[in-house]
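Residue-level structure breakdown
The chain contents come next:
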Amino acid sequence: MKKVYENVYEMEHPLIQHKITMLRDRRTGTNEFRKIVEEIGMLMGFEALADLPLEEVEIETPIEKCMSPVIAGRKLAIVPILRAGLGMVSGILALTPTAKVGHIGMYRDEVTHEPHEYYCKLPNPIEERTIVVTDPMLATGGSAVDAVTQIKEHGGKKIKFLSIIAAPEGVKRLHEAHPDVEVYIGHIDRCLNDAAYICPGLGDAGDRIFGTK
Ligand code: PRP
Ligand code: URA
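Owing to the predicted nature of the structure, the values given are computational and were not obtained by experimental measurement.

Of all residues adjacent to ligand 1, which total 16 residues, the nearest are R108, D135, T140, G141 and S143. R83 is positioned such that a nitrogen or oxygen atom in its side chain is 2.9 Å from an oxygen atom of ligand 1. One nitrogen or oxygen atom from the side chain of S143 is found 2.6 Å from an oxygen atom belonging to ligand 1. When ligand 1 is considered free in solution it has 500 Å² of accessible area, and contact with the protein chains removes 91% of it.

Turning our attention to the pattern of salt bridges. A full pass over the atoms with the stated rule returns 13 salt bridges. A salt bridge links E39 to K19, with the nearest nitrogen and oxygen atoms 2.8 Å apart. Of this pair, E39 sits in helix 2 (residues 30-48) while K19 sits in helix 1 (residues 14-24), placing them 20 residues apart in sequence. With relative accessibility at 26%, the residue E39 sits in the partly exposed group.

By nearness alone, every residue bordering ligand 2 is listed as R108, M137, A139, A196, Y197, I198, G203, D204 and A205. One nitrogen or oxygen atom from the main chain of G203 is found 2.8 Å from a nitrogen atom belonging to ligand 2. Relative to its free-state accessible area of 240 Å², ligand 2 is covered by the protein chains to the extent of 88%. When atom positions are compared with the pocket grids, ligand 2 is found to occupy the largest pocket. Considering only residue class, the shell around ligand 2 consists of six nonpolar, one polar and two charged.

Of all the positions in helix 1, only I16, K19, I20 and L23 are classed as buried. Seen along its axis, helix 1 keeps its buried residues to an arc of 105°; they face one direction. Turned more than 90 degrees from where helix 1 packs its buried face, P14, H18 and T21 sit exposed. In this fold, the buried residues of helix 1 make contact with helix 2, strand 11 (158-166), strand 12 (182-188) and helix 6 (205-210).

Moving on to the packing of aromatic side chains. Two measures describe an aromatic ring pair: the distance that separates the ring centres and the angle between the ring planes. Within this structure, the stated rule accounts for two aromatic pairs. Aromatic pair Y9 and Y184: ring centres 5.5 Å apart, planes at 25°, arrangement stacked. Of this pair, Y9 sits in strand 2 (residues 8-10) while Y184 sits in strand 12; the two residues are 175 residues apart in sequence, bridging distant segments of the chain. Positioned above the aromatic ring of Y197 is the side chain of R108, whose terminal nitrogen or guanidinium carbon lies 5.5 Å from the ring centre.

Rules and cut-offs
- Residues numbered from 1 in each chain as written.
- Chains lettered and ligands numbered in written order.
- Predicted model: local features only at pLDDT ≥ 70, side-chain atom pairs only at ≥ 80, totals over all residues.
- Heavy atoms only, no water.
- Near = heavy atom within 4 Å.
- Polar contact = N/O pair within 3.5 Å; in protein donor to acceptor, adjacent residues only side chain to side chain.
- Areas by Shrake-Rupley, 256 points an atom, 1.4 Å probe, with all protein chains shown as cover.
- Salt bridge = Lys/Arg side-chain N within 4 Å of Asp/Glu carboxyl O.
- Helix = DSSP H or I, 4+ residues; strand = E, 2+ residues; numbered from the N terminus.
- Buried < 20%, exposed > 50% of the residue type's maximum accessible area, 1.4 Å probe, protein only.
- 1 Å grid on protein atoms, 1.4 Å probe; cavity = no way out; pocket = protein on both sides within 12 Å on 5 of 7 lines; lining within 4 Å.
- Sits in = over half its atoms within 2 Å of the grid points.
- Nonpolar A, V, L, I, M, F, W, Y, C, P; charged D, E, K, R; others polar.
- Arc of directions from axis to C-beta.
- Contact = heavy atoms within 4.5 Å.
- Phe/Tyr/Trp six-rings, centres within 6.5 Å; stacked < 30°, edge-to-face > 60°.
- Lys NZ or Arg CZ within 6 Å of the ring centre and 35° of its normal.

Here's what the structure looks like:
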């Protein structure tokens, strides 16, 4: 992984880069797109959770008893930003099936590009949990900043933000607003266009995952 800022990392894994290229391709249909978002969610989750704490437990192999590590506690929460963040959840849940799942609903105003929150339901209590926030797109950064603020207002402390494609503007804005949050990005693209879409990007992630227009 490449360090972009303190706590901000861009993925360099070839499998992630390959799958992002498939997502970008306008010919990739909904079914395949959804599957690839899930796979990237798993690969990014694998990297982002490399610091999960372990504890030793005693087990008995067919040969003898031994001490061996397991993930300590059951203290993980996955929080997708609706809608598109939902696409990454099943990939991470495949790695951590006992994680709780919260939801934050945000939509961007098409004209102002400002985020509006319409739903928030988080695991309670959330203070002790490592919280993995998912959203495939980090564009202006408005949705990400507001979602993290909301999670902190509910008591969230250890937050990791996973995004598949980001614009440099959004990465900077999220980092400056929440420097304590670990941010993992599949690829940082060139810029935003006048409609605040990421260039070259992949288009509208929510529409491509759910087959809407
Ligand atoms: C998209 C995307 C992010 C947001 C990014 O969601 O999934 O949540 O835009 O843009 P920003 O960084 O400029 O805030 P959208 O508002 O289109 O909602 P949807 O997922 O329901 O389609
Ligand atoms: N949201 C998307 O889905 N795509 C973008 O490029 C920007 C915001």
